[in-house]
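Notes for the structure review
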Amino acid sequence: MEMLNEIVARLPQLLSSGELLPALLLIGAGTSIFLIADNGAQGFGLLNGIFVILGYLAGALVTAAGLYQAYLTLAPVAAAIPVVPAS
């Protein structure tokens, strides 16, 4: 829990430095693509089916890229937090 508190405490610094911004933009874009594909799925038919499936795949790929970029940004922060041995 202390590690999570430390990451949350450092989050404003990460946001102001711009290191986390591309990851957040990619995650948001992936979510938007998912929503667009979901709206298309409500009128799912043979002709738009391929576009709905491609939309879900694109949303998953863009979201995964954003999560990976967020991991690359946050992993060094988590590694820099000193580990306190349990008593």
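The notes below deal with the structure included here.

**What to know about the nonpolar core**
Counting residues in each nonpolar core, the largest one holds eight residues, listed as I7, L14, L20, A23, A70, V77, A78 and I81. Residue assignment for this core shows that the elements contributing at least two residues are α1 (2–17) and α3 (46–80). At three residues, the largest contribution of residues to this core is made by α3.

**What to know about the packing of aromatic side chains**
The final tally for this structure, using the stated rule, is one aromatic pair. Ring geometry for F34 and Y56: centres 6.2 Å apart, planes at 40°, overall tilted. In this pair, F34 sits in helix α2 (residues 21–42) while Y56 sits in helix α3, placing the two residues 22 residues apart along the sequence. A residue is classified by how much of its surface remains accessible, and F34, at 31% relative accessible area, is partly exposed. Since its relative accessible area comes to 31%, Y56 is described here as partly exposed.

Rules of the game
- Residues numbered from 1 in each chain as written.
- Predicted model: local features only at pLDDT ≥ 70, side-chain atom pairs only at ≥ 80, totals over all residues.
- Heavy atoms only, no water.
- Core = buried A, V, L, I, M, F, W, Y, C linked by side-chain atoms within 4.5 Å.
- Buried < 20%, exposed > 50% of the residue type's maximum accessible area, 1.4 Å probe, protein only.
- Helix = DSSP H or I, 4+ residues; strand = E, 2+ residues; numbered from the N terminus.
- Phe/Tyr/Trp six-rings, centres within 6.5 Å; stacked < 30°, edge-to-face > 60°.

Read these as geometric descriptors, not functional statements.
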